[in-house]
Each structure stands twice: as C-alpha cells, then as structure tokens.
Amino acid sequence: MTAWGEVEYTAVRELRGPLAVVEGVSGVGWDEFVRITMESGEQRHGLVLEVDRELAVVQVLEDTTGMDPDRIRMAFAGAPLHIPVGPGWLGRVCNGRGEPIDSGPPVFGDVHAAVGGNPINPVRREPPSEPVLTGVGAVDALTTLVRGQKLPVFSAAGLPHLELAAQIAAQATAGGEAFSVVFAGMGLTHPDAAFVRDALEERSAAGELVLLLNTADDPVIERILTPRVGLTVAEHLAFTGGRHVLVVLTDMTSYAEALREVSAARGEIPARRAYPGYLYSDLASLYERCGKIRGQPGSVTVLPVLTMPAGDITHPVPDLTGYITEGQIVLSRATHDRGVYPPVDALSSLSRLMRKGAGPGRTRPDHLNVAAQLLAALARARQIRELADLVGQSGLNRTDRRYLDFDETFLQHFVHQRSDELRPLDETLEAAWRVLLTLPRSQLSMLPAELLDAHGAKETPEETTDRTPEETPEQASADNSGSEAAK
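Everything numeric in this text was worked out from a predicted model, so none of it was measured. (Residues numbered from 1 in each chain as written. Predicted model: local features only at pLDDT ≥ 70, side-chain atom pairs only at ≥ 80, totals over all residues. Heavy atoms only, no water.)

K.L.:
Explain the packing of helix H12 (residues 398-415) against helix H13 (residues 425-436) to me, using residue names and the numbers behind them.
P.N.:
When two helices pack together, you describe them by how their axes are tilted relative to each other and by the distance separating the axes. For the pair H12 and H13, the least separation of the axes is 9 Å and the interaxial angle reads 160 degrees. With respect to their mutual orientation, H12 and H13 come out roughly antiparallel. Pair H12 / H13 crosses with right-handed handedness. Within the contact between the two elements, H12 uses Phe 406, Thr 409, Phe 410, His 413 and Phe 414 and H13 uses Thr 428, Ala 431, Ala 432, Val 435 and Leu 436. Broken down by class, the residue content of the contact of H12 with H13 amounts to 7 nonpolar, 3 polar and no charged. (Axes fitted to C-alpha atoms, helices over the stretch in contact; angles between N-to-C directions. Helix = DSSP H or I, 4+ residues; strand = E, 2+ residues; numbered from the N terminus. Parallel < 35°, antiparallel > 145°, perpendicular 65-115°, else oblique. Left-handed = near helix turned anticlockwise from the far one by under 90°. Contact = heavy atoms within 4.5 Å. Nonpolar A, V, L, I, M, F, W, Y, C, P; charged D, E, K, R; others polar.)

K.L.:
Which residues make up the nonpolar core, and what values go with them?
P.N.:
Counting residues in each nonpolar core, the largest one holds 71 residues, and the members touching the most others are Phe 183, Leu 246, Leu 374, Phe 406, Phe 410 and Phe 414. In terms of residue count, helix H11 (residues 367-391) provides more of this core than any other element does, 9 residues in total. Beyond its immediate stretch of four places on either side in the chain, Phe 183 contacts Leu 162, Ala 165, Ala 166, Ala 169, Val 196, Leu 200, Leu 209, Val 210, Leu 211, Leu 212, Val 248 and Thr 250. Listed in part, the 59 residues of the second largest apolar core include Leu 19, Ile 221, Leu 286 and Ile 293. (Core = buried A, V, L, I, M, F, W, Y, C linked by side-chain atoms within 4.5 Å. Buried < 20%, exposed > 50% of the residue type's maximum accessible area, 1.4 Å probe, protein only.)

K.L.:
Could you give me a rundown of the pattern of salt bridges, with the residues and numbers involved?
P.N.:
The final tally for this structure, using the stated rule, is 32 salt bridges. For Arg 382, the salt bridge goes to Asp 345, with nearest N and O atoms at 3.5 Å. Note that Arg 382 is positioned in helix H11 and Asp 345 in the loop between helix H9 (333-337) and strand S20 (350-351), a separation of 37 residues in sequence. The partner of Arg 423 in a salt bridge is Glu 421, with the nearest N and O atoms 3.4 Å apart. By the burial criterion, Arg 423 is buried, and Glu 421 matches it. Ionic contacts of the salt-bridge type, sharing partners, join the residues Glu 62, Arg 97, Glu 99 and Glu 222 into one network. (Salt bridge = Lys/Arg side-chain N within 4 Å of Asp/Glu carboxyl O.)

K.L.:
Could you give an account of helix H2 (residues 161-171), with specific residues and numbers?
P.N.:
At 3.6 residues per turn, the α-helix brings residues three or four places apart onto the same side. Across the 11 residues of H2, 9 count as buried, placing the element largely inside the fold. Buried within H2 are the following residues: His 161, Leu 162, Leu 164, Ala 165, Ala 166, Gln 167, Ile 168, Ala 169 and Gln 171. Contacts from the buried residues of H2 go to strand S13 (153-155), strand S14 (179-188), helix H3 (190-199), helix H4 (201-205), strand S16 (244-250) and strand S18 (299-307).

K.L.:
Go over the sheet that holds strand S2 (residues 12-16) with me, naming the residues and quoting the values.
P.N.:
Strand order across the open sheet formed by 7 strands is S1-S7-S4-S5-S6-S3-S2, with antiparallel pairing between neighbours. This sheet does not close on itself; its edge strands, each paired only once, are strand S1 (8-9) and S2. Judged from the 5 bridges that link them, strand S4 (residues 32-38) and strand S5 (residues 43-52) form a sheet pairing that is antiparallel. Along S5, the bridge assignment pairs Val 34 with Gly 46. (Pairing = 2+ DSSP bridges.)

K.L.:
Please give an account of the pairing of strand S3 (residues 19-23) that cites residues and values.
P.N.:
A large share of S3 lies buried, amounting to 4 of its 5 residues. With 4 bridges joining them, S2 and S3 adopt antiparallel strand pairing. Across the sheet, the residue bridging to Arg 16 is Leu 19, located in S3. A loop of 2 residues connects S2 with S3, the two strands running antiparallel in sequence, and Gly 17 in this loop sits at a positive phi of about 60 degrees. Pairing between S3 and strand S6 (residues 55-60): 5 bridges, direction antiparallel. From the neighbouring strand, Leu 19 faces S6, where its bridge partner is Gln 59.

K.L.:
Please provide a residue-by-residue account of unusual backbone geometry, values included.
P.N.:
In this structure, Asp 251 follows Thr 250 across a cis peptide bond, with omega equal to 10 degrees. Examined against the element boundaries, Asp 251 turns out to sit in the loop between S16 and helix H6 (252-265). With an omega dihedral of -10 degrees, the bond running from Tyr 341 to Pro 342 counts as a cis peptide bond. Of note, Ser 103 is a non-glycine position whose phi angle comes to about 70 degrees, a positive value. For Arg 273, which is not glycine, the phi dihedral falls at a positive 50 degrees. As for its placement among the helices and strands, Arg 273 is situated in the loop between H6 and helix H7 (279-287).

Here it is in structure tokens:
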C-alpha cells in the first residue's frame, strides 16, 4: 500500500515513447492521476489515457527515459490531476506542470481544482460586453478584444508573434478593474523563454502575472498539460477571485504537434496531416473555458497564438481554431517586410464581438464609425493598387492616387508603433482621424457630418480639380462614377 492508500502495480507490460502500458489493474478510470516510483526512489507522474478491461495506458509527464519496466511501481490516485489554485500563483514563474522555476517555494492554495476544468453552463453564460484594451493601436481600434472572448493570432514562422503576445500580456488592462494575465508558453526555445521573462518582469513583480514556460526540450506530455494548468489557475482567479483574466496561449501549433505525437504513440488512426481525429474537440475543450458567468464579476479572455506552417491558413490547426473562436488577428509577411510592427493585416483580421465591447459607453462614441471607415478606405486602396499594377499610376485620377498615399500613411502612422509602446485608445483614434483626413471629405461617407465638422474635414474638391491634366471633364466624371460604383 502507498501513502495514498492505493494498491501499487508493478506489471508494466511496455514503455512506448511517453506512454506506459500497465496490466492487471482494477477500478482505474480515465484521466486518473498516477504516481510512478522508480527503483532509485525517483518519482514521476502520469495521467491515464485509456482503460481497456485490465489494461491501462498511462502518459508519463516527465517522459519514460531511463525507466525500466521491471523496476517501477505505479499507484493510481483514484481522481484526476488536481492543482492548488488561488492568488498564490500571481507573480510566480513555473514550468508547464506548474512547478516553480523561479527559486521560490511550491505554489500553495487553500483549494485544489482539477486541471481538466468544467464547462460553463450555457444558461449561466453572460454575453461579452466590455473591452480589454491591449495598448496596441491596430488591435484596440480595428479588432477590439472583449472580456470573455476567444480571439486567436494567426502568424507564420519569422513574424514577431511572440513579441506581440508578450507586449499584449505586459500592457493589457480592463478599465481600472482588477486584472491579471496568465501567460502559457509551449515549446519555446530557451532564448524565447528568457525574452518572455524579461518582457513580463514588471507585470510579474506587480503581482499581476502567472507565467508558465514549457521549453522545447521539456517532455512533450508537459506541453499538453500547460494550457490546462493555465486555464485552471485563470478560472479560479476570475470566478472566485473576481478578477478579469487574460490567458495568452503560445504556440498552439506546438501544442497540436505534441498531441499528434502522443496520438501516434497510441497507434490511433490519423486524420488530416496525421493529426488525431479529435483535434477539433480537444482544441474546443481549451478555448471554450473562457467567458463570463452571470452574477459574477470576473471573466476569462483567451488569446491563442498559433503559427501557420508555410503560412497556410487552411492547415488543420488554424482552420479548426477559426471554427471555434470569434474572429482572428492575422499577421502579414508583406507588412512585416515593409518594416511595420505589429504587421497586422487589417483586412484579414476580424473581431466578431467588437460591436459588443466598443462604441458609446464602452470606448468612444466615434470608435465603430472610425473603424468601419478605415477598413472601407483600406479595401478601396487595395483595389486601386491592384488596378495601378495593371495600368500604371499615370492612368489613375487624383482621388485614386490619394488612396495609394492613404495606404502607406495608414501603415506608417497608424499601425506602426514600438514593441514597448503603450498607446492609449484616445491617442489611437486621433491617429486614425489624422490618417482618414488625408482623403477628401467626399470619400468619408461612413462618418456622420457632425463628426467630420468636429475634426475639420475639408469640403469635397470640385470635379475639375480631381483629374489629371490630360483628362477631359467627361473622362474625369466617368472615372469618379466608376470609383463610386466600386465602393
């Protein structure tokens, strides 16, 4: 018998990658926590993946390297993995299993919670309705993050998604209300892990951050556990502690690859690109743990970051993530190559809950109108740029050439900011106005006249001044009519 009061099993049939197959078990259930004792006295831990009559498949959290199947003992806890939860996590730096790596003591809490979590009762869910301001202008103005939302960042190798994730984690606020961040890094290189620790040091010292770091040389099973530990900690801080919590998960592609590796070790039939067929439901079990509960002040907001292999947005991980989440922030290599940070592709990005968390009484009365006008003008500028590639800029009228200038001004004077710059929303929207006012007033049709007057928008130029010297009045009129039709 063990200290747990449970039987120890020694009949380990096989060790296969991160898995151990135990026979002769009785009364063992799925997802049960396991303690593994080696001959040297070293202890490792595991979770039950599958039970078939008297056989149990256990995934070993620290991997099976150095284990001898004839010289290990396994004790089953009779319950899923639980961790202590509470404010004791704030300010701590831990590995993917929640063990401290900051030279501090173990994290203690008066309450323990299962890392698997519990779904929020749909009847008790409250629709998201207030913003989380990130201090990143392009995100706050055009794809506003709302408390309780799940909004992923789609990126590709070589783009600064980790820098953006760290910046958001360091700067995000909830309008002066109690706010915390849980940052869960998966499969990070050691330089990346050091960068994250340095970037978030101030927020950690302020007792507003929980940092979980799983590095690339850590056991692959730990990578599967990391987001679940982070979300379990966040749920207690939010729904018991009354805080608004932002959970940043990066990189979810590393998580999915770990899931694929474990699936292959179990001998499961692969689905698309060798990922397990249950990838969708597994991702949903993580993303759907965010939200707000009616009658409780806290909220959990999830910002997953994932890299698209070869920039392929149809890859299973971004594809399935898009079905579960409420929009996406897409990073563009072309924008990055133009020296713009963050390289957000505004026309490919979307926050489906933005209208719930922005506008009068939440951000600014003109916010939604300005965002809509920016996107409409940007879409028109992209159309004109494609036309200019065909006919040359000499074939464009004056207004169309101003749209090309608008496109460059938008990137350099609105999107671009320093990676350590906290940009207030008022400053962001004023920058948006300055960019919009580079266009003629006649092109700002999505903004009310009173707003245009308040910001000094110039009157629409006469048609005679809106044409190239070689154009006849009839040609200029036709060009302007075509532009209006294209809108």
